[in-house]
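# Summary of the model geometry
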Amino acid sequence: MSVGRFMKQAAERDYSKSWQAPGTFPWMFQQPKEPITGRPYSVRENYIRCVKGEKPYWMPAYSYESNIVWPDAIEEHPVPEVDGYDWWGVYWTMVESAGGMITKPGTRTISDFANWKEELEWPDVSLVDFEADGKKIQKLLDPDRPHIYECVEGIFERLHEMIPFDESLMAFYEEPELLEEFFQKMADYKIETTKNVFQYYGRVDGVLYHDDWGTQRSGFFSNEMFREQLMPATTRYLKFVKDQGKFIELHSCGKNVQYVPEMLEMGIDMWTPQAVINDPDFLYETYGDKMSFAFFLNIDHDDDEQEIRKKIRDFVEHFGAKGRCMPWIMTDMSNPTQEVIARDELYHYSLEYYNKLYQRG
């Protein structure tokens, strides 16, 4: 079987080089971070304690206290991440107002979902030099932070990137058996690519699995349909990850609180719910002893040091008792000092808080 032009392009890249465009999300994730010093315990171990509900020493600052493993060698987006094709032949375009890429409206890689077996060219990942890419990425990772593989474009997302969104939803009704085959084959693909990450990118502690499941008002699917169509293949992929001893964080946009019981059943350890449309208090009170959460903590442009420190202390007091929560500190980035102050208060105040909570000396 001949190799298509998009897979051929991926196979011929020199992955020892840096490919990402400055300023894009992959580029930012790949940049080395300054070591975190002055902590009495491992930043990595403490983060994992929080994710798994194992009595952390302090409340981690989400994103800051972890390293993201974003391979150039898995082309779920164009490489580099500027307008162009991924290795599935899907065309992506940057939308500055949204801060990221979307598939070009009208994109279609197959004529109809019913024809995917005949028309869809699946990436042959055996052609890709994961080893060279892994050596390059490993050099950028802080050994004291947890290393989390950013597994983007989940099995449902990939479906609606290949054909119009409405046709993707209609497949749930019109072609349920063929859809199950597609999702299971996509799970095989996800397992194969993730195996390469675990083999070639050094220590990987967890996987951040992306698959958006909802709108601003509710999930895309009834819970019954979610369980019947989407959950089997997703569970199989996530079980593979858990069987390798890794934790699982979910990135799923939408008002997806209805799926939390299914998330727990699938073994998901942590979810960062989309702000505003999901109620942090409800999630924390209802599920905070079973799942970890990262909630947004907004620092306003005009907040002075006193107000920043008060917001941090209030967050710790409000969400700290179950040991399974961390803030994603959000500023407008015009004053970097604000985040420095917030992280300083978070570490010192939550360290004291957990010492008292867990009766540590």
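The coordinates are above.
Our subject in this report is the structure included herewith. A quick note: this is a predicted structure, and the numbers were derived from the prediction, not measured. (Residues numbered from 1 in each chain as written. Predicted model: local features only at pLDDT ≥ 70, side-chain atom pairs only at ≥ 80, totals over all residues. Heavy atoms only, no water.)

### Quick look at the sheet that holds strand β6 (residues 206–210)
In plain terms, the rule: Two strands pair if DSSP finds at least two bridges between them. Under the DSSP-based scheme used, a helix requires at least four consecutive residues in state H or I and a strand at least two consecutive residues in state E, with every element numbered from the N terminus. Whether two residues touch is decided by their heavy atoms; if any such pair falls within 4.5 Å, the residues are in contact. Every axis in this analysis is a line fitted to C-alpha atoms, fitted for helices over the stretch in contact. Angles between the N-to-C directions lie between 0 and 180 degrees.
Spatial strand order, β1-β5-β6-β7-β8-β9-β10: seven strands in an open sheet with parallel pairing. Across the chains shown, the open sheet's two edge strands, defined by having one partner strand only, are β1 (67–69) and β10 (325–330). With two bridges joining them, strand β7 (residues 247–251) and strand β8 (residues 270–271) adopt parallel strand pairing. Residue pairing for β8: Leu250 is matched across the bridge by Trp271. Together, β1, β5 (147–151) and β6 form the strand contacts of helix α8 (residues 176–200), whose direction differs from that of β5 by roughly 155°.

### Concerning the packing of aromatic side chains
Going by this rule: Any Phe, Tyr or Trp ring, taking Trp's six-membered ring, that has another such ring centre within 6.5 Å forms a pair; planes under 30 degrees apart are called stacked, those over 60 apart edge-to-face, and the others tilted. Working definition: with a 1.4 Å probe on protein chains only, accessible area under 20% of the residue-type maximum means buried, over 50% means exposed, and in between means partly exposed.
Summed over all chains, the structure comprises 37 aromatic pairs. Aromatic pair Phe226 and Tyr259: ring centres 4.5 Å apart, planes at 20°, arrangement stacked. One end of the pair, Phe226, is in helix α9 (residues 223–243); the other, Tyr259, is in the loop between β7 and α10 (260–265), with 33 residues separating them in the sequence. On the numbers, 5.1 Å between centres and 15° between planes, the contact of Phe296 with Trp328 is stacked. With Phe296 in strand β9 (residues 292–298) and Trp328 in strand β10, the pair connects residues that are 32 residues apart, well separated along the chain. Given the relative accessible area of 29%, Phe296 is considered partly exposed. Judged by relative accessible area, which is 27%, Trp328 ranks as partly exposed.

### Observations concerning the pairing of β5
Among the five residues that make up β5, five are buried, leaving the element largely enclosed by the rest of the structure. Residue alternation in β5 divides its side chains into two sets, His147, Tyr149 and Cys151 and Ile148 and Glu150, and both sets are buried. Both β1 and β5 contribute to a ladder of three bridges, which runs parallel. Within the sheet, the bridge partner assigned to Asn67 lies in β5 and is His147. Taken together, the four bridges between β5 and β6 define a ladder with parallel strand orientation. Within β6, the residue paired with Ile148 across the bridge is Gly206.

### Re the packing of helix α6 (residues 155–162) against helix α7 (residues 165–174)
Which entries qualify depends on this criterion: Should an angle fall under 35 degrees it is called roughly parallel, over 145 degrees roughly antiparallel, and 65 to 115 degrees roughly perpendicular, with every other angle called oblique. By convention, the crossing between two helices is left-handed when the near helix turns anticlockwise from the far helix through less than a right angle, and right-handed when the turn is clockwise. Gly falls in the polar group here, along with every residue not listed as nonpolar (Ala, Val, Leu, Ile, Met, Phe, Trp, Tyr, Cys, Pro) or charged (Asp, Glu, Lys, Arg).
At their nearest, the axes of α6 and α7 sit 7 Å apart, and the two run at 125° to each other. With respect to α7, the element α6 is oriented oblique. Note on packing geometry: the crossing formed by α6 with α7 is right-handed. Of α7, the residues touching α6 (which contributes Phe156, Leu159 and His160) are Phe165, Ser168, Leu169 and Phe172. Among the residues forming the contact of α6 with α7, the class breakdown is five nonpolar, two polar and no charged.

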